[in-house]
Structures are given as structure tokens and as C-alpha cells.
Amino acid sequence: MDATRMNRPGTDPPLYAQVAAAVQELIDSGALRPGDRVPSIRRASRQHGVSANTVVEAYLALEDRGLIEGRPKSGFFVRSRVLAKAPSRRTERPRLVEVGNLQTRLFDAARMRDVVPFGAAYPSADVLPAVKFARITAALARQHPRESISYDMPPGSDALRREVAKRSLEAGTTLTPEEIITTCGGTEALSLAIRAVTKPGDVVAVESPTYFGLLQLLDDLRRRAIEIPMDPRNGMDLDALERTVRRERVAAVVAVPNFSNPLGSAMPEAHKARLAEVLRAREIPLIEDDINGELGHGSTRPKVVHAQDHAGLVLLCGSYSKTLAPGYRVGWIAPGRFYERVKGLKLTTTLATPSLPQMAVAEFLANGGYDHHLRSLRTLFATQVARYRAIISASFPPGTRVSEPAGGFVLWVELPARIAALPLQERALAEGISFAPGPMFSARQRFTNFLRINCAHPVDSKLEDALARLGSLAKRA
Ligand SMILES: Cc1ncc(COP(=O)(O)O)c(C=O)c1O
């Protein structure tokens, strides 16, 4: 450690630490806001009566803490607050999930045309290829009138399964069409997977925070959830998972390793290998939800944990709801060694996936310029997320922290602890603004002062104003 950063007991903090503490106080109080330039080194050295080196030392310490960032030739600037990792909970016990009517309230709001849509996580139809789909679907219905109205019994459309199999190479794995069953969206894929590998009363390990639709599903199926803390950048805390599987009989793990919902975290490749190994050693199935896998903000498409699975224990689930057409309800599952069970359950759940939407999605994937569409969607979502982030940083209460998602289109916002998200939701809805309150994302209704914001609707002055108004409501809470 640098000598200037050391402090002997009983003495005043070193000068650099005093300067750092003074600047941090300005940030904590909101006097210096995200994006503001902190005083130049020369100016700060005059203000505090210390040498330029001491100020540099102080600023580097604040940079280490993630509070400010140096920009070449421009000086130091206050960063948006980044979420800290949740503390590990050693005494976590599984429990029946109760997410009550929170989900209904969210989707009721999503149906209202005049409500600002920061709640449910779906992309605006304005950013999806709606017109192209209309053309493709009409042409297919004309060309194949009989096929398009007939049942396409499980495993579902040959053409779609071929396209999904081809694209699996991009995710570092090799699926064959024979390993895939098409589903009514990711929701049905998750439901089939959970029912195939667990029974009522079983313990299912989930991310914390996690997608509330999964919690609702576990609730309906009377499975018990055990929450594994998430690291905002790296995803599931694997030390905590290992402790949990040593202590509890975990029947399955559900994870979104690529761009989790709501955090947007991306599990590093080494962690994926470790996750596969931990579960293989105990023969625990992994339900891998890769619905956001193609929505990374970087240039490469991350691999799936399925790529590391040689035991058929990973049930890989996908969907085109976030990239192409949520209303078509087209998803898929590659259930590994549980194929026959999943195929049987599909028959008793929805019998078959609607034929025409499957044909249309397959055609779009084969000849509709899907890769080009994905590239622009990823760039758009990255830009959108940055814009929403900037507005939140400027208008939410001091002390608010915001996630830095590596992919997807939602932000996870931590308000100061005194501000409860559920009453804030009611006040915001009364003003025509929706968001998803934090307690929805936990089986125990944790995250009371968190909220999730959907950024997939292009910012215009109305949305910008609504987000700023939400910030003002939070300040007054
Ligand atoms: C992580 C995750 N999994 C599954 C789903 C459900 O997908 P679908 O709309 O295809 O049923 C969602 C939708 O928000 C999601 O965020």
C-alpha cells in the first residue's frame, strides 16, 4: 500500500483522505451530481491548502471507490452511483413464493395506452420489424393456407427448429433440430422445464433479484424458492450457491447467466464453467433462460452454460419476445436428457405452438435480415439505457444507485433506504407513470427500496419528462 494511504491509530487521517472525505461529502449530499466536474487539481489544492500531489492522491482514492472517474484531458467527473453487491445471507431458508397481485397490477398498467411504460419489460413495437413481419406473415398464410391453420404437434415447426439449431453455434453450443421443442414463448419453456425436473414442495434455487414471472410460476406450481444473491456485474454468487446446495436438497437451479433480469449482469465464462461443474457433481438440473443472450451491448454474443454441459443436465430456454415479436408468443426449449418428459408435458399444457407465428419467425430468421436487425437493436438498447441512466442520475434523490447492465434494456435502481417502492408505485400510477417495484423480484419481497425501469421505448420529451417527474416523486417520498 502507498505510504500516504496508511494511517496510524490515534492520528488524524492523512491529508489526502481528508480531501477525499470532503469531496465525498459533496457527492453524498447531492451538491456534486453525477456528470459534474469535480474541482480541478490546481483549484482543489488552493481550496484545501494542500499540494497538487495530495489532491491527485485523493481523487485516485475516490476513483477506486467508484465515485468519480478521470477523463483524458478533461479532469475528474462524478460517476453515476453503481450498485454494490448484496451481502451474502448465510441463513437463507427455502419458502413458498407469494408475489400476490403485484404482477397483475403491473400488466394492467401495461395495457393502458396513456400510462408511461417504464413497467413491464417489453420492447416498443416501434423498434421491432412490425411491417416486415406483417408482409412475411401475410405471404406465408397465402402460400400455405392449410399448413398455417393446422396443428403443428410437438416438437413443433421443423423450419423454426432448424433455424434455432443453426443459431446455437453463435452461443458456443451445438443443438440439433431433434433436441429442440418449440413453445408458446419463454414463459411456457420455463414452466415445462420446472415441471419436468421438480415436483410440488421441491426447492428451486433462483437469482436474487430475479424475474418476477419466474416467481409467479413457482408460486402457482407450489415449488419453494431459495434466493441466491447476485453480483451486479457477474451474476449469481457461486460461493453462496455452493453453500446452499451443500446444505439443502436443491431440485433445480434457474438462472439467466446472459444479461439477467433485472440487473443486466453477465456471468463470466469461468463462472459458467464452475456453475456447470458444481451442478454436474450433484446431478442438479440447470434451467438456463437465455432470452436476453442476443442483446449484449458489446460486440460479442456470450456463450451459454449449455456449451459446458456434457451430461444433458441443462435445459436451455429461448424466446423471440425481446428481439422480434412478443405477441407472436414463439419460444423454444432444448431440454437435454428431459426431452421426452418435456414433450409429454407440452401436450397437456398447450398441445401445440401456433403454426403461423412459428413459420413467420422461422422465415424472418432465415431470410429477413435477423443479424442486421439484431445489430441495430443492440446499439439502440445500449444508447437508450445510457440516456435513461443519465436522466435518472440527474433527477432522482441524492444517494440513488443505478445498475450498469452489460445487455438487455432494463435498469435496476436502488433508492435511498427510506424510500419504499410500493407506495411510490401507487403515487406514480396516479400520475400515469408505471414501473416495476423491487419487492416483485424476490420471493420474500426484499428490495423494498428498488425499482426496475424499462428503457426499450425511445426517449422523447414526454418520456424524459415522466422519468424526471418520477424522480421528483421519489424525492418527496
Ligand atoms: C428473464 C425472462 N424470462 C422469460 C420471460 C418471458 O418471456 P416470453 O414473453 O417469451 O414468455 C421474460 C419476459 O419478460 C424474461 O424477462
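Residues numbered from 1 in each chain as written. Predicted model: local features only at pLDDT ≥ 70, side-chain atom pairs only at ≥ 80, totals over all residues. Heavy atoms only, no water.

A few points about helix α10 (residues 238–247)
Because an α-helix packs 3.6 residues into every turn, residues spaced three or four apart end up facing the same way.
So, point 1. Burial in α10 covers these residues: Leu238, Ala240, Leu241, Thr244 and Val245. For α10, the angular spread of the buried residues around the axis is 150 degrees, confining them to a single face.
So, point 2. Looking at the buried positions of α10, the neighbouring elements they touch are β6 (203–208), β7 (224–231), β8 (235–236), β9 (250–255) and α11 (269–282).
So, point 3. Capping the start of α10 is the job of one residue whose side-chain oxygen sits 3.0 Å from the backbone nitrogen of Asp239: Asp237. (Buried < 20%, exposed > 50% of the residue type's maximum accessible area, 1.4 Å probe, protein only. Helix = DSSP H or I, 4+ residues; strand = E, 2+ residues; numbered from the N terminus. Arc of directions from axis to C-beta. Contact = heavy atoms within 4.5 Å. Polar contact = N/O pair within 3.5 Å; in protein donor to acceptor, adjacent residues only side chain to side chain.)

What about the pattern of salt bridges?
When charged atoms on two side chains of opposite charge get close, those side chains can pair.
So, point 1. Counted under the stated rule, the structure contains 23 salt bridges.
So, point 2. Asp219 is the partner of Arg222 in a salt bridge, and the nearest nitrogen-oxygen pair spans 3.1 Å.
So, point 3. Residues Asp290 and Arg301 are paired through a salt bridge, measuring 2.7 Å at the closest nitrogen-oxygen approach. Here Asp290, found in the loop between β10 (286–289) and β11 (314–319), pairs with Arg301, found in the loop between β10 and β11; they are 11 residues apart in sequence, far enough to count as distant.
So, point 4. For Asp290, a relative accessible area of 9% gives the class buried.
So, point 5. The class of Arg301 is partly exposed, set by a relative accessible area of 23%.
So, point 6. A single salt-bridge network, built from bridges that share partners, covers Glu69, Arg71, Arg79, Arg233, Arg389 and Glu404. (Salt bridge = Lys/Arg side-chain N within 4 Å of Asp/Glu carboxyl O.)

Describing the pairing of β9
So, point 1. The element β9 is extensively covered by neighbouring structure, given that six of its six residues are classed as buried.
So, point 2. Of the strand pairs in this sheet, β6 and β9 are connected by four bridges, and their pairing is parallel. Directly across from Val203, in β9, lies its bridge partner Val250.
So, point 3. Both β9 and β10 contribute to a ladder of three bridges, which runs parallel. Paired with Val254 across the strands is Ile287, a residue of β10.
So, point 4. Taking the sense of rotation as the criterion, the β-α-β connection linking β9, α11 and β10 turns out right-handed. (Pairing = 2+ DSSP bridges. Right-handed = clockwise from strand over helix to strand, strands pointing away.)

Regarding helix α5 (residues 130–143)
So, point 1. With 14 residues, α5 extends 20 Å between its outermost C-alpha atoms, agreeing within 8% with the 20 Å of an ideal straight helix rising 1.5 Å per residue.
So, point 2. Along α5, the positions that sit buried rather than exposed are Phe133, Ile136, Thr137, Ala139 and Leu140. The buried residues of α5 occupy one face: seen down the axis, they fall within an arc of 165 degrees. In α5, the exposed positions that point more than 90 degrees away from the buried face belong to Val131, Arg135 and Arg142.
So, point 3. Buried residues in α5 make contact with α13 (355–367). (Expected span 1.5 Å × (residues − 1).)

Bear in mind that shape data such as this cannot, by itself, settle questions of function.
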